[in-house]
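Listed below are the residues making up each chain.
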Amino acid sequence: MLRVIEDRARAHYVMKRSSLFRPTRKIMRQHLHLVWILGSVVACSGSTSDGSPNAPDDTSTAGANVGTAGALPAVGGSAGVAGAASGGAAVAGSGTTAGGAKGTAGSAAGGSAPGTAGANSAGASGGPAKKPDFKFPTPSGADQKLSKTMEVTDFDGKGARYIGTGDLGGGGQAEGQDPLFHIKAGGSLKNVILGAPAADGVHCEGSCTIDNVWWEDVGEDAITLLGGSSSNVYRISNSGARNASDKVIQHNGAGTVYVKNFLVETFGKLYRSCGNCSQQYQRHAEFDTILANGSKSELAGVNTKYKDSAKFVNIFAATSMKICERYDGNDTGAEPSSVGVGADGTFCIYAATDINWH
């Protein structure tokens, strides 16, 4: 009898204990089912919990390696990537694909401006470079006649044409002519057209800035660069010259000349480092975006003996001309001899892709 009572008591305890834990088992089953569903969603979405695409550890941080200046586009060539700005903050769960998010790959550092990943100047991306449309301007107002050299520091001609008369009435190649304009060291000349006759054009006493100056009919030279300091800097931009039987830019002084956005037509040489001056210097020239038409000579002539150099980019030249010629300069006044033509990486510096023939 006692044994029967004990068996019944034990059975009652087991039943009560089982009923106590039944809700817990049900909840656990529900939780496991939910976890299984969420796991499937995450696996299909291709995103980690921080919103970056599933990838090896070195690229899984949200936007950390994407969107810095010049960064590559997202997988599939998408222009938009999570964390396009340099700060790298990604939109949680964005996981961009081709044609995805609005952020642009290669945004500027800090994300302040749209980037242009892979965008370059004309011709750099493999297509043909665009030939500049430089044209001589129309003079403003009546011609201004100069019978003596105008000494200037900073002069704005307001687009007027200036021509020489009297002692400045020569337009030939005779050496020793005076210029129409003499610019003091550190000075500038802008918005001027030099007509015919133009005598010896413009002289720069030292460093100078030439902007929007046009020579319609070059006399002896268009411009002569003077001054013996190696720190001299001459800047010539947005200008042009034509009908020069010999030189356009005559570099007699020391220092470096930068020529940018320049049209030259029917000329002998665009630039010449003096080949036989009594006082010689090391001289350098850099040319960017030059349109050269109708010449059978060279764009630049430099002296190897004095370690000159000429660099060229974005050049649009007639097929009949030479880009750069090297000379054996001297200080005796003798006519220097040519020692080579073309790029050599030291004195004449340019690549084939820097020259666009027409």
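Computed from a prediction, not measured in an experiment: that's the story for all the values here.

## A word on the overall build of the chain
- Within the chain, the regular secondary structure consists of one helix and 15 strands.
- For the chain, with 358 residues in total, the buried portion stands at 39%.
- Restricting to contacts in the chain with at least 6 residues of sequence separation, those with at least 24 account for 55%.
- If you sum the accessible surface of the chain, you get close to 18700 Å²; carbon and sulfur atoms cover 55% of it.

## Some words on the environment of Glu335
- Within the secondary structure, Glu335 is located in the loop between strand 12 (322-328) and strand 13 (337-341).
- Ignoring sequence-local partners within four residues, the contact set of Glu335 consists of Asn276 and Asn330.

## Details of the environment of Gly219
- Structurally, the position occupied by Gly219 is in the loop between strand 5 (208-215) and strand 6 (223-225).
- Its relative accessible area of 1% is what places Gly219 among the buried residues.
- Along the sequence, Gly219 and Gly169 sit 50 residues apart, while their C-alpha atoms lie 9.9 Å from each other.

## Observations regarding the packing of aromatic side chains
- In total, this model carries seven aromatic pairs according to the counting rule given.
- Between the aromatic rings of Tyr162 and Phe181, the centroid separation amounts to 5.3 Å while the plane-to-plane angle is 75 degrees, which identifies the pairing as edge-to-face. Of this pair, Tyr162 sits in strand 2 (residues 150-164) while Phe181 is found in strand 3 (residues 181-194), placing the two residues 19 residues apart along the sequence. Of the two residues examined, Tyr162 and Phe181, each falls in the buried class.
- Centroid distance Phe312 to Tyr350: 5.5 Å. Interplanar angle 90 degrees. Geometry classified as edge-to-face.

## Here's the deal with the pairing of strand 10 (residues 298-303)
- With six of its six residues buried, strand 10 lies for the most part within the structure.
- The sheet contact formed by strand 8 (residues 255-273) and strand 10 spans three bridges and is parallel. When the bridges of strand 10 are listed, Arg272 appears paired with Gly301.
- Of the pairings in the sheet, the one linking strand 10 to strand 12 comprises five bridges and is parallel in character. Bridge assignment links Glu298 to a residue of strand 12, and that residue is Lys322.

## Things to note about the state of the cysteines
- A full pass over the atoms with the stated rule returns three disulfides.
- Disulfide partner of Cys204: Cys208, at an S-S distance of 2.1 Å. Of note, the bridge from Cys204 to Cys208 carries an S-S torsion of about 85 degrees and is right-handed in sense.
- The exposure class of Cys204 is buried, given its relative accessible area of 0%.
- In this model Cys324 forms its disulfide with Cys348; the gap between the sulfur atoms is 2.0 Å.

## Let's talk about the nonpolar core
- Ile210, Trp215, Val248, Phe262, Leu270 and Phe287 are the most contacted members of the largest nonpolar core, which has 54 residues in total.
- In terms of residue count, strand 8 provides more of this core than any other element does, seven residues in total.
- Residues within four places of Phe262 in sequence aside, it is in contact with Phe134, Trp215, Ile236, Ser239, Gly240, Ala241, Val248, Leu270, Thr289, Ile290 and Leu291.
- Listed in part, the six residues of the second largest apolar core include Phe136, Leu263, Leu291 and Phe316.

## Section: the pattern of salt bridges
- Enumeration according to the criterion identifies 10 salt bridges in this entry.
- Two residues, Arg161 and Asp143, come together in a salt bridge whose shortest N-O distance is 3.1 Å. Separated by 18 residues along the polypeptide, Arg161 in strand 2 and Asp143 in the loop between helix 1 (2-45) and strand 1 (144-146) bring together distant segments of the chain.
- With relative accessibility at 21%, the residue Arg161 sits in the partly exposed group.
- Classification of Asp143 as partly exposed rests on a relative accessible area of 35%.
- Sharing partners across several salt bridges, the network here consists of Asp221, Asp246, Lys247 and Lys269.

## With respect to the environment of Pro139
- Structurally, Pro139 is set in the loop between helix 1 and strand 1.
- Between the alpha carbons of Pro139 and Ala160 there is a distance of 5.2 Å; along the sequence they are 21 residues apart.
- The residues touching Pro139, leaving out its near neighbours within four places in the chain, are Gly159, Arg161, Ile193 and Glu216.

## Quick notes on the side chain of Glu220
- Considering the arrangement of structural elements, one finds Glu220 in the loop between strand 5 and strand 6.
- Lys247 is the oppositely charged side chain nearest to the buried, salt-bridge-free Glu220, at an N-O distance of 6.8 Å.
- A polar contact is formed between the side chain of Glu220 and the backbone nitrogen of Gln177, at a distance of 3.3 Å.

## What about the pairing of strand 7 (residues 233-251)?
- Bridge analysis of strand 5 against strand 7 gives six bridges, and the strand direction is parallel. Within the sheet, the bridge partner assigned to Trp215 lies in strand 7 and is Ala241.
- Relative to strand 7, strand 6 runs parallel, the two sharing three bridges. From the neighbouring strand, Thr224 faces strand 7, where its bridge partner is Gln250.
- Relative to strand 8, strand 7 is paired through 14 bridges, and the arrangement is parallel. The residue of strand 8 that forms the bridge with Ala244 is Phe267.

Quick notes on the rules
Residues numbered from 1 in each chain as written. Predicted model: local features only at pLDDT ≥ 70, side-chain atom pairs only at ≥ 80, totals over all residues. Heavy atoms only, no water. Helix = DSSP H or I, 4+ residues; strand = E, 2+ residues; numbered from the N terminus. Buried < 20%, exposed > 50% of the residue type's maximum accessible area, 1.4 Å probe, protein only. Contact = heavy atoms within 4.5 Å. Areas by Shrake-Rupley, 256 points an atom, 1.4 Å probe, with all protein chains shown as cover. Phe/Tyr/Trp six-rings, centres within 6.5 Å; stacked < 30°, edge-to-face > 60°. Pairing = 2+ DSSP bridges. Disulfide = S-S within 2.5 Å. Core = buried A, V, L, I, M, F, W, Y, C linked by side-chain atoms within 4.5 Å. Salt bridge = Lys/Arg side-chain N within 4 Å of Asp/Glu carboxyl O. Lys, Arg positive; Asp, Glu negative; His and termini not counted. Polar contact = N/O pair within 3.5 Å; in protein donor to acceptor, adjacent residues only side chain to side chain.

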